[in-house]
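# Descriptive analysis of the structure
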Amino acid sequence: MDVIYLQVEDLVFAHEAAERTGVPQQVIRKWASRGKIRKFDGDGRPLGIGHFARTMYALPEIEALARTYRPTPQRAPRAA
């Protein structure tokens, strides 16, 4: 997706993208660090939980990757 086709409504914070797509925030941030999706500077508005959301992501890019996302099962803890 090209940046010129993005609308203001398409830029969302990680917690909003997680709610809409069902992909965990950690996975969205990992995709951004690996270059699969782009990061944009946020508006710095407070979230109401004592933190500022500074990074926004393009929702259409996340939705495209979310179609193929499958959660990896975690290993069960072993008894000591």
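Before going into details, it helps to say that this report is about the structure given with it. (Residues numbered from 1 in each chain as written. Predicted model: local features only at pLDDT ≥ 70, side-chain atom pairs only at ≥ 80, totals over all residues. Heavy atoms only, no water.)

To describe a pair of aromatic rings, you give the distance between the ring centres and the angle between the ring planes. Across all of its chains, the model carries 1 aromatic pair by this definition. Ring geometry for Trp 31 and Tyr 69: centres 6.1 Å apart, planes at 80 degrees, overall edge-to-face. Of this pair, Trp 31 sits in helix α2 (residues 25-34) while Tyr 69 sits in the segment after α3 (59-66), placing them 38 residues apart in sequence. The partly exposed category is assigned to Tyr 69, whose relative accessible area is 24%. (Phe/Tyr/Trp six-rings, centres within 6.5 Å; stacked < 30°, edge-to-face > 60°. Helix = DSSP H or I, 4+ residues; strand = E, 2+ residues; numbered from the N terminus. Buried < 20%, exposed > 50% of the residue type's maximum accessible area, 1.4 Å probe, protein only.)

Considering all chains together, one arrives at 1 salt bridge under this definition. Put simply, Glu 61 and Arg 38 hold a salt bridge, and the shortest N to O gap is 2.6 Å. Here Glu 61 is found in helix α3, whereas its partner Arg 38 is found in the loop between α2 and β2 (39-41), with 23 residues between them in sequence. What makes Arg 38 partly exposed here is its relative accessible area of 29%. (Salt bridge = Lys/Arg side-chain N within 4 Å of Asp/Glu carboxyl O.)

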